[in-house]
Amino acid sequence: MHANSTQPMTKTRCEYPTSPAEQRTNTFFAFESAPGAFANPFPGTTRLTVAAGDGLAAGIEVVAGPGAKVETFRDATGGCCAYCWGRMAHPDIASKDLLQWIAAAAGGHDISQLRFLVGTFVVLIDDRKNRRVLMVSDIIGIRPWFVGQHQGRLVCGSDVWEIQKAGIDMGGINYDAVASWLRFIWDCSGQSLFKNFAEIGYGSLGRWENGAYVEKKYFTLTGGLNQPTQAELFDGIRQRVSRTFDAVTRDLTQISLPLSGGYDSRFMAALAAKNKRLEVEAFCVRDREAEAIAATMVAEALDLKLRVLETDGTMWNMFAEPYHFTPGGFPITKQVSHLIASQRPGVPLLSGFFGDPTVRGSQDRLHGLNERQTTEELAVAYRRAFIINHRLARFDLIDEKIIARADERILNLLRQRLAVWEYTGHAFLGVTLFFHQRYFMGNNVTQLLHVTDPIIPFASWELIDYKMQNDPSLYDYTMYKNLLADSFPEIAHIPHNCQMGAKNESSPRRSDCTTGWAAAALRAIMHKGNLSLLSRRKTLPRLLGSLAGRRDQEVLALFLYRLLLLENRLRQGGIMFDWNEI
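Residues numbered from 1 in each chain as written. Predicted model: local features only at pLDDT ≥ 70, side-chain atom pairs only at ≥ 80, totals over all residues. Heavy atoms only, no water.

## Section: the overall build of the protein chain
Part 1: Within the protein chain, the secondary structure is distributed over 17 helices and 20 strands.
Part 2: Rg of the C-alpha trace for the protein chain: 24 Å, near the compact-globule value of 25 Å for 582 residues, within the 12% margin.
Part 3: The long-range share in the protein chain, meaning contacts at least 24 apart out of those at least 6 apart in sequence, stands at 74%.
Part 4: Across the protein chain, the mean location of the 64 positive side-chain charges is 4 Å away from that of the 61 negative side-chain charges. (Helix = DSSP H or I, 4+ residues; strand = E, 2+ residues; numbered from the N terminus. Rg over C-alpha atoms; globule rule 2.2 N^0.38 Å. Contact = heavy atoms within 4.5 Å. Lys, Arg positive; Asp, Glu negative; His and termini not counted. Charge placed at Lys NZ, Arg CZ, Asp CG, Glu CD.)

## Notes on the sheet that holds strand β4 (residues 61-64)
In any sheet, the strands associate via hydrogen bonds between backbone groups, in a parallel or an antiparallel arrangement.
Part 1: Pairing within the open sheet is antiparallel, and its six strands lie in the order β3-β4-β2-β10-β9-β11. Bordering the open sheet on either side are β3 (46-47) and β11 (198-199), each of which pairs with just one other strand. (Pairing = 2+ DSSP bridges.)

## Here's the deal with the confidence of the model for the protein chain
Part 1: Across the protein chain, the average pLDDT comes to 92, with 96% of residues at 70 or higher.
Part 2: Counted against residues more than four places away or in other chains, residues 1-8, with its pLDDT under 50, gives 18 contacts.
Part 3: Scored below 50 in pLDDT, residues 14-21 shows 21 contacts in the model against residues more than four places distant or in partner chains. (pLDDT = per-residue confidence, 0-100.)

## Quick notes on empty space enclosed by the protein
Over the atoms rolls a probe the size of a water molecule, and its path tells where empty space is left.
Part 1: The full count for this structure, using the stated rule, is five cavities of 30 Å³ or more.
Part 2: Taken as a whole, the largest cavity encloses approximately 240 Å³ of empty space.
Part 3: In terms of lining, the largest cavity is formed by 20 residues, of which the most central are T326, P327, G328, R438 and Y439.
Part 4: Along the lines of polarity and charge, the residues of the lining of the largest cavity split into 10 nonpolar, seven polar and three charged.
Part 5: By volume, the second largest cavity amounts to about 40 Å³.
Part 6: If you go around the second largest cavity, the residues you meet are R87, G119, T120, V248, P454, I455 and I456.
Part 7: Listed by contribution, the elements that provide at least two residues to the lining of the second largest cavity are β7 (118-127) and β20 (454-455). (1 Å grid on protein atoms, 1.4 Å probe; cavity = no way out; pocket = protein on both sides within 12 Å on 5 of 7 lines; lining within 4 Å. Points joined across faces, edges and corners; volume = space filled by probe spheres on them. Nonpolar A, V, L, I, M, F, W, Y, C, P; charged D, E, K, R; others polar.)

## Examining the sheet that holds strand β12 (residues 204-209)
Part 1: Here we have six strands laid out as an open sheet, ordered β5-β6-β7-β8-β12-β13, and antiparallel in their pairing. If you trace the sheet from one side to the other, it starts and ends with β5 (70-75) and β13 (212-217), each paired once. Strand-to-strand, the axes of this sheet are offset by a mean angle of 15°, without reference to chain direction.
Part 2: As paired strands, β7 and strand β8 (residues 132-137) are joined by six bridges and run antiparallel to one another. When the bridges of β8 are listed, D127 appears paired with R132.
Part 3: Each of β5, β6 (80-89), β7, β8 and β12 is contacted by helix α1 (residues 95-106), which is oriented at about 120° to β6, the strand it contacts most.
Part 4: Contacting β6 and β7, helix α4 (residues 230-248) crosses the sheet at an angle of about 60° to β7. (Axes fitted to C-alpha atoms, helices over the stretch in contact; angles between N-to-C directions.)

## Focus: the pattern of salt bridges
Part 1: Evaluated as defined, the whole model comprises 28 salt bridges.
Part 2: Two residues, R47 and E61, come together in a salt bridge whose shortest N-O distance is 2.9 Å. Placement of R47 in strand β3 and of E61 in strand β4 is noted, with a sequence separation of 14 residues between them.
Part 3: Given the relative accessible area of 44%, R47 is considered partly exposed.
Part 4: The exposure class of E61 is buried, given its relative accessible area of 8%.
Part 5: With a shortest N-O distance of 2.8 Å, D396 and R394 are connected by a salt bridge.
Part 6: Judged by its relative accessible area of 40%, D396 falls in the partly exposed class. (Salt bridge = Lys/Arg side-chain N within 4 Å of Asp/Glu carboxyl O. Buried < 20%, exposed > 50% of the residue type's maximum accessible area, 1.4 Å probe, protein only.)

## So, the pairing of strand β2 (residues 28-31)
Part 1: Because side chains alternate across β2, one face comprises the buried residues F28 and A30, and the other comprises F29 and F31, equally buried.
Part 2: Sheet topology note: the β2/β4 ladder contains four bridges and is antiparallel. For F29, the partnering residue across the bridge sits in β4 and is V63.
Part 3: As paired strands, β2 and strand β10 (residues 153-157) are joined by three bridges and run antiparallel to one another. Along β10, the bridge assignment pairs A30 with C156.

## So, the environment of E371
Part 1: Tracing the chain through its elements places E371 in the loop between α8 (355-360) and α9 (378-386).
Part 2: On the basis of relative accessible area, E371 is assigned to the buried category, the value being 13%.
Part 3: Considering only alpha carbons, one finds E371 and Q227, 144 residues apart in sequence, at a separation of 17 Å.
Part 4: Those residues in contact with E371, other than ones at most four positions away along the chain, are D364, L378, G425, H426, A427, F428 and L429.

## Quick notes on the side chain of Q553
Part 1: Structurally, the position occupied by Q553 is in the loop between α16 (536-547) and α17 (554-572).
Part 2: We classify Q553 as buried; its relative accessible area is 6%.
Part 3: Not counting the four nearest positions on each side in its chain, Q553 is found in contact with R394, R542, G545 and S546.

## Description of α4
Part 1: For α4, spanning 19 residues, the distance from its first C-alpha to its last is 27 Å, which sits close to the expected 27 Å at 1.5 Å a residue.
Part 2: Of all the residues in α4, the buried ones are L233, F234, G236, I237, V241, T244, F245, A247 and V248. (Expected span 1.5 Å × (residues − 1).)

## Describing the packing of aromatic side chains
Part 1: Counted under the stated rule, the structure contains 34 aromatic pairs.
Part 2: Geometrically, the ring pair formed by F28 and W85 is stacked, given 5.8 Å between the ring centres and 25° between the ring planes. Of this pair, F28 sits in strand β2 while W85 sits in strand β6, and the two are 57 residues apart along the sequence. Each member of the pair, F28 as well as W85, carries the same accessibility label: buried.
Part 3: Joined through ring pairs, the aromatic side chains of Y202, Y218, F219, W421, F434, F435 and Y439 make up one cluster.
Part 4: The cationic tip of K467 hangs over the ring face of Y475; the distance from NZ or CZ to the ring centre is 4.5 Å.
Part 5: The cationic tip of R569 hangs over the ring face of F325; the distance from NZ or CZ to the ring centre is 4.0 Å. (Phe/Tyr/Trp six-rings, centres within 6.5 Å; stacked < 30°, edge-to-face > 60°. Lys NZ or Arg CZ within 6 Å of the ring centre and 35° of its normal.)

Laid out in C-alpha cells, this is it:
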C-alpha cells in the first residue's frame, strides 16, 4: 500500500525516540555446559535449547535476550536441532522449509548449496547424533558471531563484551585489531578486540567436534575481466538484485526505507514501490539540502510516503548518544540509518547497503587506479587509501613509534588479505567487500540489530560473483545512472545529490556533545596512565581550544573521546591494556 500522490511530504524535527541508556536486547549465545547441570552465565537471557525427545544429550545450550527472534527446528529422526538467529531466505525454497534444508545441506557432502542463501543470519546446528556443532554465517558475515573456548568447552555469541562480562577467558587483547581500529576505524584483522574470540568467517561453515573448531568457506568466486554489453550488464544486475529482493521481502508486509540523494536507496525505493504487497514508509535525514531535494523527487515519482527529518545543522545532536560499541568490541559513532530505524522500532529496514561496491564500482580502484594500474605494492596502496583523514583523526598528537608499529601490523594483515583474492584479478574489491564493508560500512546495519532487522537486497553471492567476473571499467556513476533509467524511467530525470553543487555542501555547526567529549579527554590526560599514546605537550593546548569552542578543534574531541571510550571500557572490565603493545 502506497501513499496517494496528492498527499504532501511531511517534515519533522529529528527526535530520537529511545532513551540514552539503550538496551542491548537482541543477543544470542550458545555454550557447552558442565555435565549434569544447566548454569546460564548470561544474565537477562532465556534458555531456548530444544529438547530432542530421543534421549540424546544436547551438545550445546542456547540462550537469547528478550529482543532476539530465533527460529528452531528439530529433526525427530536424525538427532539434529537447529537454531536461526536473524532473517534468512532462499530464492527457491519456502521459508517454512528453509531451516530443515540448511541443516541437511550443512551436514551433507555439498556445502556449496548454501551460497544461494540471502539475508543476515547465523544458523547453529546441534548434531547430537554425530556429537558435533555446525555454524553457518551469511555470505558477507554481517550478522556478528564470535567463537571461542572456556576451560575446553565451546562458547560463542553475538557480542564480545557480553561474553567477557559472563566471566569467560577472553585471552587478552588482539593488538592487530587495535592497530587497525586506531588507523582505519575498522578491524582488518577480521577477528575482534579479544584474542580468544574471533568472528566467524564470511560465508562460512564452522564445525566444533572433538574439542576442536575449524571453518570452511561454502562459496567460491570466479573472477575475470568479462566485457558484457551494457544491455547484458543491466539485465545481469537487475535480475540478481530483484531475485534477492523478492526472497528477503517475501514474508514481509511493511518496511521502513532510508531514502537519500544517492542511487542505492532509490534503486531499493523503486523495487519496493512496485511491490503492491508492501506498505512502505520512506525517511530522509536532511543533513544537507541536496539529500532532501533528491529524496522528495524520488518519493513523488514513485508515489511513496516520505518523512523528512530535519536536523539542527549539527553532526551529532540527532542522537541521544552518538557513540556505541560494535559487537566486536570497539567504539564507533552511529550513522543516520539508526535514527531512521528508530522512528519505527521493529519494522524491518530496507537498506541500500552493499550497492555502492557491487553496482557502482567505487571500490574497484584506489587513488583512481585498479590493481593492474597500480605500480606500488598493493598492500601499501590499500593501507594509504583507508587511513582516516584529518576530519576524523589527529594522528599528529600520537607517539610516532606507535603509529609506525600500527602501520606495520596493518601492512602484514593486508598482504594476507590481498593474497586471498589475487586469483580473481579483483584483490582490492575482495578485501573491500569482505573486510571494509563488513567492519566499517556494515555499521550501517549492525547498529540496527537492537532496533529492528536490516534487509539488504544487494548482498548476495550471485551479485558478488557476477561483479567479480566483469571488467571493473564497466562500473561507474554513468553506468549506474543508465541502469536506473533503463529499469525505472520514472526516476531517470532526478539528479544524484552530488550533482547539485552548493546544495550538497555541508558545514555542520558544533554539536552539543563535543564540549563534554573534550572535557572528558582533558580530565583523563591530567592523570598519569590515561591516553598514554598522546603527546601531552601538543594535546593540552588544543583541548583547551576545543573547550573554548574553536570549530577547527572539534575533531580533536571526537577522536580523543573514541580512544578514551575504549580505555575506560577495558579498565572497567579489569583487562590489561597498553598502547605500547601495538
